[in-house]
Amino acid sequence: MPSAPVRSVSAVAGTAPAHPPVFLEDFERAPDTGSGTSIRDYVGADGARFEADDFWADRSACNGLILSSANVEEDSSDCSGFPGNHARVRALAGVLGLVNGTDPATNSAVAAYTERSGPDDAVELETTTSIPLTGGTGRFLTATVNAAATNCGDAISPALRFSLRTEDGAERPVSDAAIDPCNDDRASDHTAVGYAVRAGHFAADSSILMDDGPIGVVMRNDHGGGSGNDHAFDDLSIIDVTPTLDVELSQDTAFVGDTMRLRFVVRNTPELAAKAGWSVQTALPGGLAVATDPRVTTSCSAEVTAPASGADITFTGDLAAGEESCTIEVDATPVARGALTVTVAGDAVRGLDLGSQPALTAIDRVAIESPASGALVESSQPISTGTGEPGAGITVRDGESHTRCETTVDPAGRWSCASSEVVESGEAVVRVEQTAAGLSSTDETTYRVIVPALAVEGTVRLEIQGADGSWVPVGGETVAADPGDRLRVIATVTNTGENALGGITLAETPDTRLTCSSELIEPGASTVCTSTEPLVLTPKAIDDGSFAHTFEAVLTGYSRASDRADTGRLPLPDAPRVSTGALHTSLGIVWRVAPLEPQAPLVRTGAEVPLSIALLISGLLLVGAVLVGAGTRQGRRVRSPRG
């Protein structure tokens, strides 16, 4: 007859899946003819043999009979000659067929109708052949049985208790409480030959942690009395009830330096037997560490070691009978960007199967490096720089949430963004937002802005070298000149602004240059720039009636804030445009500059003086750039009368 399957057990929500049986005996190898087989005579799967204490193997007491409803014959000594009792134990075998889902007419079971009393705590069934364990070390095992009982209203009900016998012959209990089909909530009500029957599938309420090696199963009955205690059992099994360890993270993407919850969930198997002594000793992957404050919590009896800022986490724990799971939580922190998996090695656990092992992506949070908080920034269009997650989008806003610029973090994790708006002097706020991997991070800094205010005035005058070699200032806008006369330009630059100016150069064209008396002009001070090489007038220039001569002025502005310890020169990126026009005075031509918008075009000015003998020089000064001011000099030689 084919083996009958053990009744399937529905998984409990939140529990680990059931493992296949390590050992199963369904007693279906007993024939369905004759009066039944004694437990001592039965040979089970793989040659398994069984034994029982004399009382539980006594056929005359109606005990130790393996039979089905089809075993209608009976020996005269069976059940002390009470045919009715023999029929009732056959009916109990049929009820167990309903429990395990096989044909009730042919399902075989071991019956005990206890026609008289026997000793308490006697062995009702035990294996005498070894059951090999090959599932590996550190496995939790327990026993299950299908059982049915009748006459539950009598004084005594069956109390079945399981142990596993180890290689040294010791019995290790896997039952804290005995199985009582009459009063167990897992049993259901049936009727057999007019009698009420309670029957069901029962697992022991505890387990033992075992390594490879031969074992056996022992089932004792706490009760030996004959007033009641009428029952049958079937489908004796040893099952692997090793829980599963699932590792979980409170989030799958996080910023470097953030704190997240790392969970180790030990999920019980469906029978919910107690599991004591499982353990984990693991190391977190590189890039993830225990938080400075681990905040360890457990939902069961467990001891946890998780040193702050370390990578080692160890714990041991127990699942109580009926407990579906145990959750151990530890705060962890990503310490480096990148992808990782929280993997628990198989040799790092005992008494646990490995389940889910989560992946984590750690990304860099956006950070502002410049301008630093409280810094003094001297620019009308400040540049913000910082770090972030490579490839992430960056939006820079001001304190009123107006977007100033947008950019992307480069592959090296850096970003730079110049304000598209001109800002005013005073306190300013930069708010930066980064969006990456579905996460948004922000940073903010408050700093001070000084918008440079450069202002200068200058005069340009002309000097002519007399016959005695002395230089004579030109007193008006005309000059008498002869070929070979030498002219030079003298420019005076006065700083009328609030910031120091430096890097001053003035140049004539062609091939001459002006040398200035100082390289730095403090506010209110001046510098004088003089032609290094005078201009020599040629006959052609005079005979043509006019000549062209230009000069250019280059002036770099520097700001020096009075409240800063650093008094060095700071180049100003702003390039103000130049005011218009040349102003004529009797001493020459006065020009001015003012700091205006940098995007304005450069301006050229110049004028021609239609005088017969005249010289006009017009000039412009530019701050932070080069500007050419063109002046036209017109002249004709005035010849002296001949004597």
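Summary of the structure given here. (Residues numbered from 1 in each chain as written. Predicted model: local features only at pLDDT ≥ 70, side-chain atom pairs only at ≥ 80, totals over all residues. Heavy atoms only, no water.)

**Brief notes about the overall build of the protein**
A count of helical and extended segments in the protein gives two helices and 49 strands. Residues classed as buried in the protein amount to 49% of the 643 residues present. Residue pairs at least 24 apart in sequence account for 71% of intrachain contacts in the protein once pairs closer than 6 positions are excluded. For the protein, the accessible area works out to roughly 27700 Å², and carbon and sulfur atoms hold 50% of it. (Helix = DSSP H or I, 4+ residues; strand = E, 2+ residues; numbered from the N terminus. Buried < 20%, exposed > 50% of the residue type's maximum accessible area, 1.4 Å probe, protein only. Contact = heavy atoms within 4.5 Å. Areas by Shrake-Rupley, 256 points an atom, 1.4 Å probe, with all protein chains shown as cover.)

**A word on the pairing of strand 18 (residues 275-283)**
Consecutive side chains along a regular strand alternate between the two faces of the sheet. As judged from the eight bridges shared by strand 18 and strand 22 (residues 312-319), these two strands associate in the antiparallel manner. In the sheet register, Trp278 faces strand 22, and the bridge partner there is Gly317. In this sheet, strand 25 (residues 349-350) lies alongside strand 18 in antiparallel orientation, the contact comprising two bridges. Bridge pairing links Ser279 to Arg350 in strand 25. (Pairing = 2+ DSSP bridges.)

**Quick look at the nonpolar core**
Phe27, Ile39, Phe50, Leu125, Phe162, Phe233 and Ile238 are the most contacted members of the largest nonpolar core, which has 39 residues in total. If you list the elements that add at least two residues to this core, you get strand 5 (109-112), strand 6 (122-127), strand 7 (139-150), strand 8 (160-165), strand 12 (208-210), strand 13 (216-221) and strand 14 (230-240). Among residues more than four places away in sequence, those in contact with Phe233 are Phe27, Leu96, Ala109, Val110, Glu124, Leu125, Val145, Asn146, Ala147 and Met219. Leu209, Leu288, Ala348 and Leu352 belong to the second largest nonpolar core, which has 33 residues in total. (Core = buried A, V, L, I, M, F, W, Y, C linked by side-chain atoms within 4.5 Å.)

**Side note on the packing of aromatic side chains**
Given two aromatic rings, their pairing is described by the distance between the two centres and the angle made by the two planes. According to the stated counting rule, one finds seven aromatic pairs in the structure shown. Centroid distance Phe55 to Trp56: 4.9 Å. Interplanar angle 70 degrees. Geometry classified as edge-to-face. Accessibility assignment for this pair places Phe55 and Trp56 in one class, buried. Taken together, Phe27, Tyr42, Phe50 and Phe233 form an aromatic cluster joined through their ring pairs. (Phe/Tyr/Trp six-rings, centres within 6.5 Å; stacked < 30°, edge-to-face > 60°.)

**Re the pattern of salt bridges**
Opposite charge on two side chains makes pairing possible when the charged atoms of those side chains draw close. Enumeration over the complete set of coordinates arrives at 30 salt bridges. A salt bridge links Arg40 to Asp54, with the nearest nitrogen and oxygen atoms 2.5 Å apart. With Arg40 in the loop between strand 2 (37-38) and strand 3 (50-51) and Asp54 in the loop between strand 3 and strand 4 (63-67), this residue pair connects regions lying 14 residues apart in the sequence. Under the relative-accessibility criterion, Arg40 is labelled partly exposed at 32%. With relative accessibility at 57%, the residue Asp54 sits in the exposed group. Asp246 is the partner of Arg267 in a salt bridge, and the nearest nitrogen-oxygen pair spans 2.6 Å. One end of the pair, Arg267, is in strand 17 (residues 260-267); the other, Asp246, is in strand 15 (residues 244-249), with 21 residues separating them in the sequence. (Salt bridge = Lys/Arg side-chain N within 4 Å of Asp/Glu carboxyl O.)

**Some details on the sheet that holds strand 33 (residues 414-418)**
Overall, antiparallel pairing links the three strands, which are arranged 28-30-33 in an open sheet. Two strands in the sheet have a free side with no partner beyond their single neighbour: strand 28 (367-370) and strand 33. For this sheet, the mean angle separating the axes of adjacent strands, direction not counted, is 30 degrees. As defined by bridge partners, strand 30 (residues 383-387) adjoins strand 33 across five bridges and the pair is classed as antiparallel. Paired with Ile383 across the strands is Ala418, a residue of strand 33. (Axes fitted to C-alpha atoms, helices over the stretch in contact; angles between N-to-C directions.)

**Overview of the sheet that holds strand 16 (residues 253-255)**
If you trace the three strands from one edge of the open sheet to the other, you get 16-27-24, paired in mixed fashion. For this open sheet the edge positions go to strand 16 and strand 24 (338-341), each flanked by a neighbour on one side alone. Pairs of neighbouring strands in the sheet enclose a mean axial angle of 25 degrees, with direction left out of account.

**As for the pairing of strand 8**
In terms of strand pairing, strand 8 meets strand 13 through six bridges, oriented antiparallel. Across the sheet, the residue bridging to Phe162 is Met219, located in strand 13. As defined by bridge partners, strand 8 adjoins strand 9 (residues 171-173) across three bridges and the pair is classed as antiparallel. Each bridged residue has a counterpart across the sheet, and for Arg165 the counterpart in strand 9 is Glu171. In textbook terms, the turn of a hairpin is the stretch between consecutive antiparallel strands, and for strand 8 and strand 9 this stretch comprises five residues, one of which, Gly169, has a positive phi near 90 degrees.

**Quick notes on the state of the cysteines**
Under the definition given, this model contains four disulfides. Residue Cys152 pairs covalently with Cys182 via a disulfide, S to S 2.1 Å. Residues Cys152 and Cys182 are joined by a disulfide whose S-S torsion is about -75 degrees; by sign, that bridge is left-handed. Here Cys152 is found in the loop between strand 7 and strand 8, whereas its partner Cys182 is found in the loop between strand 9 and strand 10 (188-192), with 30 residues between them in sequence. The exposure class of Cys152 is partly exposed, given its relative accessible area of 29%. Classification of Cys182 as buried rests on a relative accessible area of 9%. One disulfide in the model links Cys300 with Cys326; its S-S distance is 1.9 Å. One disulfide, between Cys300 and Cys326, carries an S-S torsion of -65 degrees and so falls in the left-handed class. Placement of the pair is Cys300 in the loop between strand 20 (297-298) and strand 21 (301-305) and Cys326 in strand 23 (residues 325-334), with a sequence separation of 26 residues. Note on accessibility: Cys300 and Cys326 belong to one class, buried. (Disulfide = S-S within 2.5 Å.)

**A few points about unusual backbone geometry**
Looking along the chain, the bond that leaves Ser370 and enters Pro371 is cis, with omega of 0 degrees. Position of Pro371 relative to the elements: it lies in the loop between strand 28 and strand 29 (376-377). Even without being a glycine, Val193 presents a positive backbone phi close to 40 degrees. Within the secondary structure, Val193 is located in the loop between strand 10 and strand 11 (195-203). Taking relative accessible area as the criterion, Val193 reaches 52% and is therefore assigned exposed. A positive phi angle is found at Ser401, which is not glycine, with a value near 70 degrees. Ser401 sits in the partly exposed class, given a relative accessible area of 47%.

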